[in-house]
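# Breakdown of the fold
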Amino acid sequence: MKQVHVAVGVITDANGKILIAKRPQVAHQGGLWEFPGGKVEPGETVQQALTRELFEELDVQCSDFVPVIQISHDYGDKQVLLDVYRVVSFTGTAIGKEGQPLNWVSPSELGSYPFPAANYPIVNALQLPDRLVITGDFASQPECLARVDACLVRGAKLLQLRAPELEQEAFIRLAQRVLARCHREGAKLVINADPSQPFTADGVHLNGKRLSDMSERPPALADLLVGASCHSAQDIHKANRLGLDYIFLSPVQPSASHPNAKPLGWAAFAEFTAFAKMPVYALGGMSDDNILTAKEAGGQGVAGISAWW
Ligand SMILES: Nc1nc2c([nH]c(=O)n2[C@@H]2O[C@H](COP(=O)(O)OP(=O)(O)OP(=O)(O)O)[C@@H](O)[C@H]2O)c(=O)[nH]1
Ligand SMILES: [Mg+2]
């Protein structure tokens, strides 16, 4: 079956609300909500197709785009490749030129609208930040909490607590205190821990061993964020099968914490993100300076320890 290439646009207003539209009842995936866009015509770039579609459907003129995510999905009756871009600037007032109902919704509200199945990773990408801070070394619990506070003050919106040297009980106690601080600042916390043990956090991060040991996503983790560390195509296929919410791919560049690992480089990173069915964070030698490069290579953004901890 031939894959239909679709340009999809994420338009945001001054309050950060995102424009969604209701698909006509008779259309493919009809009656569900969508991000506006449409098929890329022969000879068009994705940006050209998006500019045309958003004018045809909404009467707005868009000029500047940043990639969000690329999703290939097989509906059975149709295979689509959704090329999703955030619209950085546009002029005009959006109206439903084809009679379609429109709605502006905040990223956290997106989950309550029914979208086509291919859209789940898009919603996820829009709800996740472009920087994921992993905790590094600390000598004591107060030092860890002080460092977490400093990361939050500097704007971290998603943290991963990683402390392999701590006993399970001490780790879980620390996680509860870190979680309270994250929530107070509107941030989320995932913990790098055994997901079969009880814990309180917004999600769990699987290391390579836990990813390979997991045969299916446990029902208890259905509504939590579940991410994993990936280093190979095989790991990404496993993450795809498990339906994970995000992955790390590493090492992209040389990193101080893994001096002997061979870096992938950005070209290989881009090849891997193309078949990952979830947002991908570049890890290994990353800082804020790499966020745009990671996005242009199909990633969600960057993750790391040393630049932020
Ligand atoms: N625009 C858009 N299409 C989506 C989304 N999610 C998703 O699976 N699709 C699928 O992508 C395909 C093409 O989208 P479309 O119907 O908007 O194409 P179009 O604007 O060119 O429409 P047309 O065929 O009426 O000219 C459809 O099969 C649709 O189900 C989404 O969020 N936005
Ligand atoms: Mg359309």
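What this report covers is the structure whose coordinates are included nearby. These figures come from a predicted structure and were not determined experimentally.

Bringing the pattern of salt bridges into the picture now. The full count for this structure, using the stated rule, is 11 salt bridges. Glu56 is the partner of Arg52 in a salt bridge, and the nearest nitrogen-oxygen pair spans 3.4 Å. Of this pair, Arg52 and Glu56 both sit in helix 1 (residues 46-58), four residues apart, which is roughly one turn of that helix. Note on Glu56: relative accessible area 34%, which makes it partly exposed. A salt bridge links Asp149 to Arg181, with the nearest nitrogen and oxygen atoms 2.9 Å apart. A residue pair is termed long-range when its members are at least 10 positions apart, and Asp149 in helix 3 (residues 141-153) and Arg181 in helix 4 (residues 168-184) qualify at 32 residues. Judged by relative accessible area, Asp149 falls into the partly exposed class, the value being 24%. Here the salt bridges share partners, and the residues they tie into one network are Glu44, Arg52, Glu53 and Glu56.

Another point: the coordination of the magnesium ion (ligand 2). Looking at the metal site, the magnesium ion (ligand 2) is ligated by Gly37 (O) and Glu57 (OE), spaced 2.2 Å from it. With Gly37 in strand 4 (residues 37-39) and Glu57 in helix 1, the pair connects residues that are 20 residues apart, well separated along the chain. For the pair formed by Gly37 and Glu57, the shared burial category is buried.

On to the nonpolar core. Membership of the largest hydrophobic core comes to 54 residues, with the highest contact counts inside it found for Leu161, Ile191 and Leu244. Of all the elements, helix 4 adds the most residues to this core, at seven residues. With residues near it in sequence (within four places) discarded, Leu161 still touches Thr135, Cys144, Phe171, Leu174, Ala175, Val178, Leu189, Val190, Ile191 and Asn192. Listed in part, the 23 residues of the second largest apolar core include Ile18, Phe35, Ile71 and Ala118.

Procedures and definitions
- Residues numbered from 1 in each chain as written.
- Chains lettered and ligands numbered in written order.
- Predicted model: local features only at pLDDT ≥ 70, side-chain atom pairs only at ≥ 80, totals over all residues.
- Heavy atoms only, no water.
- Salt bridge = Lys/Arg side-chain N within 4 Å of Asp/Glu carboxyl O.
- Helix = DSSP H or I, 4+ residues; strand = E, 2+ residues; numbered from the N terminus.
- Buried < 20%, exposed > 50% of the residue type's maximum accessible area, 1.4 Å probe, protein only.
- Donors = N, O, S within 2.8 Å, 3.2 Å for Na, K, Ca; no water.
- Core = buried A, V, L, I, M, F, W, Y, C linked by side-chain atoms within 4.5 Å.
- Contact = heavy atoms within 4.5 Å.

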